[in-house]
Amino acid sequence: MSARTLLPPDAAASPSHPRWGVRRAARLAFPEPSALAADPVHAARLRRYLADLLAPYGLRPDPIVGGQSYGEMAEALIGAVVPAGEQVDLLVLAHSVPDLAPGRATACRLGHVCPGGPLSFAVTDQGGTAASTALRLLAAYADSAGLRRALLLVVEQDRLPYDPGVPVALPAVSRGVALLFGDPLPGERPLRVDPAATARPGTGPWWELAGRVAAR
Amino acid sequence: MTSLLAVSDHVPSGRVPVEVLGEELGLTPMQVRIFRRYHGLGEVSRDEGGSLLDLLRGAAAGLVALRGREHLVRYVLHARSFPTVVPYPHDPVRELCAELGLDAGVPVFSVGHHACASGLLAIDAAGRLLAADGDPDALALVLAGEKAFTPEAAAVPGSSFFGEGAGACLVSASGGRDRVLAYAVDLRGEFDTVADRPELESEFQRIYGEALAAVVRAAVERAGLSLERVTAVLPHNVNRVAWHQVCRVLGYPRERVVLEHVPTVGHVFCADHFLNHRTARQRGLLRPGEPYVMAAAGAGRGATFAAMVLQH
């Protein structure tokens, strides 16, 4: 794969298409543990990682049972939302609850498996509203870097393999949402989305949005 | 145009020799000798008993330009080498923002999955967010730095040892200092499972120098420049031999690559560029109006090669 090169915002600015928005959406629930959860090599690595992560906080991991690999969730979502023959320029993965693979550069991997070999990265650790910031970034890169065919992936799992010692809200079920943004193809009416309107924790607002897109 | 209003870094005073680290990580004496003699690593920085908040606080304290401008900060980004570095939902970056007197409503988040190249991503992302908002006075605070809290975050197998430290910069969409001219990134997700597949490890080592050189060349060309005009390269501190190889591929003089901290500090996650920025300034390698390059390869589970051209 060759490098993507970007100019800074002013130099690369292109006029925003007035109808850039959500062209397609998919939403999936993941009630079963991921395949990675059954991998004993991964489990041993995860136990060490978590034990060392938690020790400075006086915490210890629970026995690890199940859990979700965001890579597996995201690959299923990509397959559900990116039409055959289409390419993606930019992929942003957003979540709050950590991945079953806490040291993995999952978004980098997704850039490899997603059609178009998009620039991909992750936005996390924003108290449940990382996806709203991810959407702002998606729009900013679409306008200033010409990465207009953009995929937002919002994933959250229902499991945290430790008691963090502070209040924490976890989803009732592991879910993921994929929103494919772009300029309209003939016959399409992309849905404009205001990041401020989705700045609520979790996948809830994105799940509802995906439902609205599917119903159009 | 994205620019860096100010840059700072913090390196704690503690040091651990690679021989001690090697023993802790189960390396053989021969492997450790290779690290010291071939890769040029001697000791790495450690903040024994200190936290991530302590490291980031140290870097932020050096941002004199932030004082009196706290109300202008619209975004705070933590550039991550490792995606998960504290127990969820603990948030030391937000704690730091409160200490600094930033607006409680400012988005505070992490960007990453480019491993140790995530610092360049954070600068680029911050600049685009600010430009989209359109407020010429607005700023973003970019932070980098992590704890070497577990073996996976203590060493890059066969390449380097991580040092603890931090860096910070204030990003503006309209400033005139250290302006970003171009950014290039090459994601190599095919190396995702490199830790479990020795044949991929060999392939990664084989392409490393060429891939890193290629992304430097791509960024310089996109900036409309030739490499001869680049006054300095601010590298990631992975080791000396990797950068000597990149210099050979590029035909770039190795004395203009800031490698001073490899033997005494180690590879400070995404913060190497901030540390090396200070050193390049002190050495007179950054001259007003002249371009320089910050570049990194992020390796681990997934690989990223990235370079950014800036004008001092």
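On a predicted model such as this, the values are computed, not experimentally measured, just so you know. Along each chain, residue indices are assigned from 1 in the same order as the chain's sequence is written. Throughout, the order in which chains and ligands are written sets their labels, letters from A for the former and numbers from 1 for the latter. Local features are withheld for residues below a pLDDT of 70 in this predicted model, meaning they are given only at 70 or higher, and side-chain atom pairs are given and counted only at 80 or more; totals for whole chains, interfaces and linings count all residues. Side-chain metrics rest on all non-hydrogen atoms present in the structure, leaving aside hydrogens and water.

Caption draft 1: The arrangement of the domain arrangement of chain B in detail. Residues and elements named next belong to chain B. Domain segmentation is taken from an automatic or database assignment of domains. If you check the domain split of chain B, you get domain 1 (3–172) and domain 2 (179–311). Once you take the C-alpha centre of each, domain 1 and domain 2 turn out to be 17 Å apart. Taken together, the 51 residues of domain 1 in the interface contact 40 residues of domain 2. Of the roughly 3300 Å² buried between domain 1 and domain 2, counting both surfaces, carbon and sulfur atoms make up 66%. By definition, a salt bridge exists where a carboxyl oxygen of Asp or Glu is found within 4 Å of a side-chain nitrogen of Lys or Arg. If you look at where domain 1 meets domain 2, you find one salt bridge. Only DSSP runs of H or I reaching four residues or more are called helices, and only runs of E reaching two or more are called strands; each is numbered from the N terminus. The greatest single-element share of the side of domain 1 that touches domain 2, amounting to six residues, is contributed by helix α5 (residues 118–133). Note on contacts: a residue pair qualifies if any of its non-hydrogen atoms lie within 4.5 Å across the two residues. Buried area: the accessible surface (1.4 Å probe) lost by two parts on joining, summed over both.

Caption draft 2: A look at unusual backbone geometry. Residue and element names in this part refer to chain B. Look at the link from Y88 to P89: it is a cis peptide, with omega at 5°. Note that P89 resides in the loop between β4 (73–80) and α4 (92–100). One non-glycine residue, H113, adopts positive backbone phi at about 75°. Its location among the elements puts H113 in the loop between β5 (108–112) and α5. With a phi close to 45°, D178 is a non-glycine residue in the positive phi region.

Caption draft 3: Spotlight on the side chain of T133 of chain A. Within the secondary structure layout, T133 of chain A lies in helix α5 (residues 130–145). Non-local contacts of T133 of chain A, meaning those with residues more than four positions away in its chain, are made with V123 and Q126 of chain A together with P107 and F109 of chain B.

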